[in-house]
Each structure stands twice: as structure tokens, then as C-alpha cells.
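Here is how the chains run, residue by residue.
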Amino acid sequence: MIIKKYIGKTEEEAIALAKAELGDNVTIMNTKEVVPRGLYKFFRKPSVEVTAAVDENIKESSAEPVKEEKKEDIPDFSKLQQVLNEKQFSPAPDSKTAQKEAERERMLKNSQIIEEELTEQQNGKDSGNDIEQKLNTLQDLLEKQMTMGREEEKEEKERAVDKNQAYLDLIRKQLIDNEVEESYVEQILEEIEGTLKNNSTLDNILASVYQKIVLKIGSPHLIDLKTKRTRYIFFIGPTGVGKTTTIAKIASVMKLAKKSKVALITSDTYRIAAVEQLKIYSNILGIPLKVVYAAEEMEKVREELRGFDLVLVDTAGRSHNNQGQKEDLNNILKTVPDSDKEIFLVLSATTKYKDLVKIANTYSEICKYNLIFTKLDETDTIGNIFNMHILTGAPLSYTTCGQNVPNDIGKIDAQKIAKQLLGGNS
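Everything numeric in this text was worked out from a predicted model, so none of it was measured.

J.: Looking at this structure, I do not really get helix H7 (residues 243-257). What am I missing?
T.: Because each turn of an α-helix spans 3.6 residues, side chains separated by three or four positions in sequence point in the same direction. Compared with the 21 Å implied by 1.5 Å per residue over 15 residues, the 21 Å span of H7 between its first and last C-alpha is a close match. A large share of H7 lies buried, amounting to 11 of its 15 residues. For H7, every residue scored as buried is listed here: Lys243, Thr244, Thr245, Thr246, Ile247, Ala248, Lys249, Ile250, Ala251, Ser252 and Met254. Lys259 sits one or two residues past H7 and shows a positive phi near 60°.

Take a look at the structure:
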């Protein structure tokens, strides 16, 4: 893993510098404003510093090799550190240790006595046989001392490994308590374990796990506004996850903040409330809403909306166990070519992981999608966001955390998720 900092006049400029050197697969791990200090603040404008990282295995070959730098902006893991630091890893002296110390002193004393006797013998006071016997005894003592030294060195290394393992075990528990799947936890820890030095500090181990999680989450996949052709954005997912409200939030952001020309389509004619809800939002925003009752009507509607930048399409909530409903959805999706559409699977962060797996697998049979997670304000654990990203390989996009429109929506923040998973302050 390669980690480096870049400074630019704007965040975009700093990110561009990172991509130019590390490649397009770069992940932005941290951004912060750098304000000049002292007299410089009167002559220099603030700049933006980004911390970028890229996995060496996927780093583009065109990028120049970069030395790994230690990440200074380590997040605050005080909550987890408090738990870890309560555990003592330095073993207290025991009877076995005391016996070893006594044995060492006895051997040292005996070797000194023998050396003195040998000195006397070399002066002619003892016979040759006595000298040979004492030399053998001295050699035995020296060999025992060397063996004892090797054993103590081995025990010291084992204690250092045990200390690292104790930290890793508690980090493992923290991630599992946050409902990260155990197999994914083991994968993360195995990947960093080989890079740890003996007797690593808690900060170093936490930083390694944090950086690994950030890299695995990656950058958010957001709606593409650069295309010149009308872009159709389909929102799919089970009932009750908040698709319609999420669409209203995104429509508001695109219309008001991005100044895009936006239109709405709903094919969710099963729920009158959903249609009425979108009508209210379309009237407030001053954007058109089209109601489609069958896939055959999409061609006419597309012709009417030809001049728009974005068309957000609300689909009916489908049961992942109903084959007929899956076919209806597939027919709607096929009315727009792949080059002109994006699909977002909307899931609730409060849904059980076992059910999320079934839902994701069902929709994977129909199409490729990006992931949106709703209702983050209704749960204390967000492990399922990480789980579903790793399970499906689908990019993470947006999250919502309330009912307020156009607020309570944002893009996936890999740094914030990593901090929360590790019990740090977000």
C-alpha cells in the first residue's frame, strides 16, 4: 500500500495531482484545509491537503514508484484505545523467572571460579588432566549459558507476538460487534498481520486496519453529470427502504445545487401514496413527473423527455421471492440502453444481513447496480454497508440519515465508516 500527501489550491487540484502520480485507482483517505500561519496568512491563500492511497497490486504501471509515507492524520480511536489499554500485556515476574535468574547467577559464579582455577593451573600448580577436566566443565557451562540466552530471546519474541495478537483479538471483537462479517474481519487482519513488526504499538496496528478498510471501501460512485445525452437513473429495491424519499433528495440536489435539468418517472403504480409523494416534490421543484403503467409506454415518455439531463426513475418495491415481479422490473430496465442508464439498489441499513444477502443476490440476477444505504440514523451498527460492498463487489454511492428533503443525504465517506467500525470518533 502506497500513501502520500498532495497540496493544491483546491481539493480538485490536489486530487488531480494524486491521480497523476498514483493513477486513477487512488483512494482519497483524508482532506483538510491548510491555513498559512503567522505573517504568511496575509500573503497566501489557504490550500487543501489530501492524503491519497493506492494498493500496490492495482497501481497503474504508468505511475512512478512512490515511497510509502507514514500517515499522520490517524483518526481518534480513544474509545477503543481505552478498552485496549486496560489490558496489561507485560507479564509479572513469576517463580519460573526467578528460578532462571538464580540459575544464571549460579552458572556465572561457577564459570568465574573455574576461570580462576584454570589461571592457577596454567601457572603450574595443577596437572594436565585437571586442566582438561576443568576446560570441559567450563565449556559445558558456556553452552548452557548460550542455550539459556537463545531460549530467553525466543520467549521475548513470543511475548511481542502475543502482545500484537492481543491487540488484533480486541480489534477483531470491535469489528464483529459492529456486525462486520467474521470472514471479512479475518481477511483484513490476515492482510495486515504479515506487515506488523514485533511489539507494534496500538496506534500502528489501528492505523493499518483503518487504512485497509478505507482502501477496501474505495471512493463513492456518484451519478454521472458529464454526459451530453439524457441519463436515466433507475432506483430499485424492496418496499419500505425509502426509495421515493431518496429520489426526491437526489432530485433536489441535482436541480438546486448542480443546476441540472431533471425529470421524474414513476412506475410504482402499485402504491398510490408513492405517486402522490413524487407529485408533491415535482411541484415544489418545478420539474415534470411522468407516470408509466407498463414497459411499452417508456418509448413515448423518453421522447417527451429528450431534452433533460437526468431522468430519475422510481420503480415499485419488489419481493425478491416473486418471479413475476422480477420479470416486470427487468422489462422496465431493458427499455433504456446500458449506455444511457445507471441503476442504484436502495437498501436499508437496519435490514438483517441474512435478508440483505438474499435481496442482493436476487437483483444481481437482473442487473448490475450501485449501492445506496438508507436509515443510518436508525441503527448503531454499520457493518452491513461494508459487508454488502465486499459480498457484491458493487460500488457504494450515497447514504441517507433522515426524512428531511433535500437534506439528510450524502455520499459514502470511507474515512467516516472506517472510524465508526473501529469505535473511533467520527
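J.: Is there a simple way to think about the nonpolar core in this case?
T.: Counting 67 residues, the largest nonpolar core has Leu175, Val209, Ile213, Phe234, Ile265, Tyr369 and Leu371 as the members making the most contacts within it. With nine residues, the top contributor of residues to this core is helix H6 (residues 202-217). Sequence-distant contacts of Leu175, that is, excluding residues within four places in its chain, are made with Val180, Val185, Val209, Ile213, Leu421 and Leu422. Residues Ile233, Ala251, Met254 and Leu278 belong to the second largest nonpolar core, which totals 20 residues.

J.: Explanation requested: the sheet that holds strand E1 (residues 2-8) in the structure shown.
T.: Consider a sheet: its strands pair through backbone hydrogen bonds, and that pairing is either parallel or antiparallel. Read across the sheet, three strands follow the order E1-E3-E2 without closing on themselves; strand pairing throughout is antiparallel. The sheet terminates laterally at E1 and strand E2 (27-34), the two strands that pair on one side only. The mean angle between the axes of side-by-side strands here comes to 20°, regardless of whether they run parallel or antiparallel. Examined bridge by bridge, E1 and strand E3 (residues 47-54) share seven bridges and lie antiparallel to one another.

J.: Help me understand the packing of aromatic side chains, please; the structure alone is not making it clear to me.
T.: Per the stated rule, a full pass over the model turns up two aromatic pairs. Here the aromatic rings of Phe235 and Phe344 are separated by 5.9 Å at their centres, their planes lie at 20°, and the arrangement is stacked. In this pair, Phe235 is assigned in strand E4 (residues 231-236) and Phe344 in strand E8 (residues 341-348), connecting sequence segments 109 residues apart. Judged by its relative accessible area of 0%, Phe344 is buried. The interplanar angle of 45° and the centroid separation of 6.3 Å between the aromatic rings of Phe344 and Tyr398 together place this pair among those described as tilted. With a gap of 54 residues between them, Phe344 in strand E8 and Tyr398 in strand E10 (residues 396-400) connect regions that are remote in the sequence. The structure contains a cluster of three or more aromatic residues connected by ring pairs, namely Phe235, Phe344 and Tyr398. Its end group placed over the ring of Phe308, Lys261 keeps NZ or CZ at 4.9 Å from the ring centre.

J.: It is not clear to me how the environment of Gly218 should be interpreted in this structure. Could you clarify?
T.: Looking at the element boundaries, Gly218 is found in the loop between H6 and E4. A sequence separation of 189 residues divides Gly218 from Met29, and the C-alpha atoms of the two residues are 8.9 Å apart. Ignoring anything within four residues of it in the chain, the contact list for Gly218 reads Thr27 and Ala414.

J.: Could you clarify how one ought to interpret the sheet that holds E8 in this entry?
T.: Taken together, the eight strands give an open sheet; going across it, the order is E6-E5-E7-E4-E8-E9-E10-E11, and neighbouring strands pair in mixed fashion. Each end of this open sheet is capped by a strand with a single partner; those strands are strand E6 (289-291) and strand E11 (409-411). Pairwise comparison of adjacent strand axes, ignoring direction, gives a mean angle of 25° for this sheet. Pairing geometry for strand E5 (residues 262-266) and strand E7 (residues 310-314), over five bridges, is parallel. Within E7, the residue paired with Leu264 across the bridge is Leu312. Relative to the sheet, helix H11 (residues 353-364) contacts E4 and E8, its axis offset from that of E8 by approximately 165°.

J.: Would you mind showing me how to read the confidence of the model for the chain here?
T.: Detailed reading of the predicted model is not advised wherever pLDDT is low. On average, residues of the chain score 80 in pLDDT, and 70% of them reach the 70 mark or higher. Contacts of residues 38-43 to residues separated by more than four positions or lying in other chains number one contact, the stretch itself having pLDDT below 50.

J.: For this particular structure, what's the right way to read the packing of H11 against helix H12 (residues 383-392)?
T.: Geometrically, a packed helix pair is captured by the angle between its two axes and the distance between the axes. Axis separation between H11 and H12 bottoms out at 11 Å; the angle between their running directions is 35°. Crossing of H11 over H12 shows right-handed handedness. Two secondary-structure elements touch here, H11 through Tyr353, Leu356, Val357 and Ala360 and H12 through Asn384, Asn387, Met388, Leu391 and Thr392. Looking at the contact of H11 with H12 residue by residue, the class counts come to six nonpolar, three polar and no charged.

J.: Looking at this structure, I do not really get unusual backbone geometry. What am I missing?
T.: Even without being a glycine, Glu179 presents a positive backbone phi close to 70°. Tracing the backbone through its elements, the reader meets Glu179 in the loop between helix H4 (128-177) and helix H5 (182-193). Overall, Glu179 belongs to the partly exposed group, its relative accessible area being 41%. Not every positive phi belongs to a glycine, and Lys259 is a case in point at roughly 60°. Position of Lys259 relative to the elements: it lies in the loop between H7 and E5.

Criteria and cut-off values
- Residues numbered from 1 in each chain as written.
- Predicted model: local features only at pLDDT ≥ 70, side-chain atom pairs only at ≥ 80, totals over all residues.
- Heavy atoms only, no water.
- Helix = DSSP H or I, 4+ residues; strand = E, 2+ residues; numbered from the N terminus.
- Expected span 1.5 Å × (residues − 1).
- Buried < 20%, exposed > 50% of the residue type's maximum accessible area, 1.4 Å probe, protein only.
- Core = buried A, V, L, I, M, F, W, Y, C linked by side-chain atoms within 4.5 Å.
- Contact = heavy atoms within 4.5 Å.
- Pairing = 2+ DSSP bridges.
- Axes fitted to C-alpha atoms, helices over the stretch in contact; angles between N-to-C directions.
- Phe/Tyr/Trp six-rings, centres within 6.5 Å; stacked < 30°, edge-to-face > 60°.
- Lys NZ or Arg CZ within 6 Å of the ring centre and 35° of its normal.
- pLDDT = per-residue confidence, 0-100.
- Left-handed = near helix turned anticlockwise from the far one by under 90°.
- Nonpolar A, V, L, I, M, F, W, Y, C, P; charged D, E, K, R; others polar.

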